[in-house]
Amino acid sequence: MLASGFVLEFLKGPTLALQDFYLLTGRAMRNVVRQPHYTDDIKLQMDSIGVGSIPIVLLTGFFSGAVMALQMGRALQQYGQTGRTGTVVSIILVRELGPVLTALMVAGRNASGIASELGSMKVTEQIDAMRALGTDPIQKLVTPRMIATGVMLPCLTVIDDFVGMVGGWIIGKLLYDLDALQYWSQTWHALVWSDVVQGLLKPFVYSFVISLIGCFYGLRASGGTQGVGRATTQAMVAASVTILILNLFMGLIFVKYSGN
Amino acid sequence: MAAANLLEFDKVSVEFEAGVLVLDQISFAVPEGQTRIILGAAGSGKTVLLKTAMGLNRTCAGRVSLLGEDITDKPENQLFDIRARVGMLFQDSALFDSMTVAQNVAYPLLNQKSIQVPRDKMEEKVRESLRFVELEHALVKYPSELSGGMRRRAAIARAVVTGPPLLLYDSPTAGLDPITAHTIMALIIKERDMDNTTALVVTHRYQDGNLVANFRYNPDSGTLDPSGDRATNTVFMVLREGRLVFEGAQTELEACSDSYVQKFVKKPEMAA
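**Focus: the packing of helix H4 (residues 85–123) of chain A against helix H7 (residues 180–190) of chain A**
Residues and elements named next belong to chain A. Here H4 crosses H7 at 40°, and the two axes come no closer than 7 Å. It follows that H4 is oblique to H7 by the angle criterion. The two elements H4 and H7 meet at a crossing, and its hand is right-handed. Contacts between H4 and H7 involve Thr85, Gly86, Thr87, Val89, Ser90 and Ile91 from the first element and Tyr183, Gln186, Thr187 and Ala190 from the second.

**Side note on empty space enclosed by the protein**
All chains considered together, the criterion is met by 4 cavities of 30 Å³ or more. In this structure, the largest cavity occupies an estimated 80 Å³ of space. Forming the walls of the largest cavity are 15 residues, and the residues nearest its centre are Ala132 and Leu133 of chain A together with Val86, Gly87 and Met88 of chain B. Contributions of two or more residues to the lining of the largest cavity are made by helix H5 (126–132) of chain A together with strand S6 (86–89) and helix H5 (148–160) of chain B. No other element matches S6 of chain B, which puts 3 residues into the lining of the largest cavity.

**Notes on the pairing of strand S12 (residues 243–248) of chain B**
Residue and element names in this part refer to chain B. Bridge count for strand S11 (residues 234–240) against S12 is 5 bridges, and the pairing is antiparallel. When the bridges of S12 are listed, valine 238 appears paired with phenylalanine 246. Here S11 hands over to S12 after 2 residues, with glutamate 241 in that stretch at a positive phi of 45°.

**A short note on the layout of surface pockets**
As a volume, the largest pocket reaches approximately 1800 Å³. If you go around the largest pocket, you meet 48 residues; those closest to its centre are Arg27, Ile127, Arg131 and Pro137 of chain A together with Glu76 of chain B. Listed by contribution, the elements that provide at least two residues to the lining of the largest pocket are helix H1 (2–30), H4, H5, helix H6 (137–176) and helix H8 (193–219) of chain A together with strand S1 (5–17), helix H2 (76–83) and helix H3 (101–111) of chain B. Broken down by element, the residue count for the lining of the largest pocket peaks at 5 residues, all from H1 of chain A. Residues belonging to the lining of the largest pocket are distributed by class as follows: 17 nonpolar, 14 polar and 17 charged. In this structure, the second largest pocket encloses a volume near 790 Å³.

**Some points on the sheet that holds strand S3 (residues 35–40) of chain B**
Residues and elements named next belong to chain B. If you trace the 6 strands from one edge of the open sheet to the other, you get S6-S7-S8-S3-S11-S12, paired in mixed fashion. The open sheet has two edge strands, S6 and S12, and neither has a second partner. For this sheet, the mean angle separating the axes of adjacent strands, direction not counted, is 15°.

**Section: the pattern of salt bridges**
Scanning the entire structure with this criterion turns up 23 salt bridges over all chains. For glutamate 123 of chain B, the salt bridge goes to arginine 127 of chain B, with nearest N and O atoms at 3.0 Å. Of the two residues, glutamate 123 of chain B and arginine 127 of chain B both sit in helix H4 (residues 119–132), 4 residues apart, roughly one turn of that helix. Judged by relative accessible area, which is 28%, arginine 127 of chain B ranks as partly exposed. What you see here is one network of salt bridges that share partners, running through Glu125, Asp128 and Arg131 of chain A together with Lys51, Glu76 and Arg83 of chain B.

**Looking at the interface of chain A and chain B**
In many reports, interface size means the accessible area that the parts give up when they come together. Taken together, the contacts link 16 residues of chain A with 21 residues of chain B. Between chain A and chain B lies a buried interface of about 1700 Å² when both sides are counted; carbon and sulfur atoms form 52% of it. Contact with chain B buries surface across chain A, with Glu125, Arg131 and Leu133 of chain A losing the most and accounting together for 38% of the total. Along the contact surface separating chain A from chain B lie 3 salt bridges. The partner of arginine 131 of chain A in a salt bridge is glutamate 76 of chain B, and the shortest N-O contact between them spans 2.8 Å. Summed over the shared surface of chain A and chain B, the result is 8 residue pairs in polar contact (both at pLDDT 80 or more). By residue number, the principal contributor to the side of chain A that touches chain B is H5 of chain A, which donates 6 residues. Taken together, the residues that form the side of chain A that touches chain B break down as 6 nonpolar, 4 polar and 6 charged.

Cut-offs used in this document
Residues numbered from 1 in each chain as written. Chains lettered and ligands numbered in written order. Predicted model: local features only at pLDDT ≥ 70, side-chain atom pairs only at ≥ 80, totals over all residues. Heavy atoms only, no water. Axes fitted to C-alpha atoms, helices over the stretch in contact; angles between N-to-C directions. Helix = DSSP H or I, 4+ residues; strand = E, 2+ residues; numbered from the N terminus. Parallel < 35°, antiparallel > 145°, perpendicular 65-115°, else oblique. Left-handed = near helix turned anticlockwise from the far one by under 90°. Contact = heavy atoms within 4.5 Å. 1 Å grid on protein atoms, 1.4 Å probe; cavity = no way out; pocket = protein on both sides within 12 Å on 5 of 7 lines; lining within 4 Å. Points joined across faces, edges and corners; volume = space filled by probe spheres on them. Pairing = 2+ DSSP bridges. Nonpolar A, V, L, I, M, F, W, Y, C, P; charged D, E, K, R; others polar. Salt bridge = Lys/Arg side-chain N within 4 Å of Asp/Glu carboxyl O. Buried < 20%, exposed > 50% of the residue type's maximum accessible area, 1.4 Å probe, protein only. Buried area = accessible area lost by both parts, 1.4 Å probe. Polar contact = N/O pair within 3.5 Å; in protein donor to acceptor, adjacent residues only side chain to side chain.

Below you can see the structure in the form of structure tokens.
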């Protein structure tokens, strides 16, 4: 009896948090079709979240593609199949590594950034001021971030995939003397439509995880600067873990229904 | 004929944690033209009371009526038009960091649907409001570039720019030096006397209430003069741990024998 009471008490907090998260998600989604639309804020966030993340996406993409080509080339060399490096690099990048690494990088940079920005606004009463001055904070702050991330993360993933393939090609050329035409034609032909759909659908889903988790923890921040720091860390950890969990389930769904 | 009540609390209770009341059965009414000074120690529920008056906090019991409308159970989106007719100064000013002073002051004009200000009149309104608080020179500055007193003045400009009939000031002098605090209180009195606004002023400094109750703004000299026989319509309230322990005029407050209430009253001879 005592143990069940303890378990119920223990579960109450996470259940309430989950309920609040779903409510926030619902309101943010509903605002997409409701007036007013803060288009200037959406553009500002697209610049901050999308354009601002290009440098880390370029670096991540290039080095992940390069190291994949390095290791795969070595493994394939044992079977005399070095020429297939482009195929492996392209499939892994487009299906899995590109979406996940880009999402993790953007989560590290932006889920925490959003949480700290909104958290600071919360603890300095700017969110209350916004409500008092006739603005719905979810409409003004959450929805623009959600839309901006939804548009920019798939674009960043495409950039990451391409730069990763370039990294793989450079390593293939330097270490395994791969022919450029062979590498790029294999890279291109290895991909089928379901890979492209998978490679774009995943970042689209992750974009909601990043923006909404960042906003959720930011808007729940309390307890001054310490609370903001806590919200920032929680947002980044929660977003990253959720992305990795979702990646497995989405991968399973695609394997089951598309065979890839 | 009695003036209409702009704000009315009827046995209002607020709780954030189950069983812990932050406001406990608070009842009072603020008629038009009255200034109400709310005194109380830190954590006594003063800020919660102001936020509840604006509908920013939900009540767990009782009714809140703001500008003649019962806001107790109104959903958030129906509160925006009512809030547009109330100005609020937050404790730490709550200016938006990412906006300039001018953008902060223009914010309610741009975002409140019920307020229709033509675009070409917008700058004039903002300048007028900033001129009122003597901050016209800081139009393009960001809040981080302003001193504490200037931030408070910019926040007052934002609160009064729409010309609301009711103003809520949350600790307007908290953390300010005596000279700046006097300047801020002078602005509050100026706003009251120039625009005949109703106000709630939350403070823990008795001298702020004393100033509001006994001085008037002189538009000719631009200074505060003793009100003399032109008594101001000022009422004092004292909160203790979420409960209203005193409500009345300044003379009644000074005569009150309650030891908690006495702590807030600094008699003129003691202050001298």
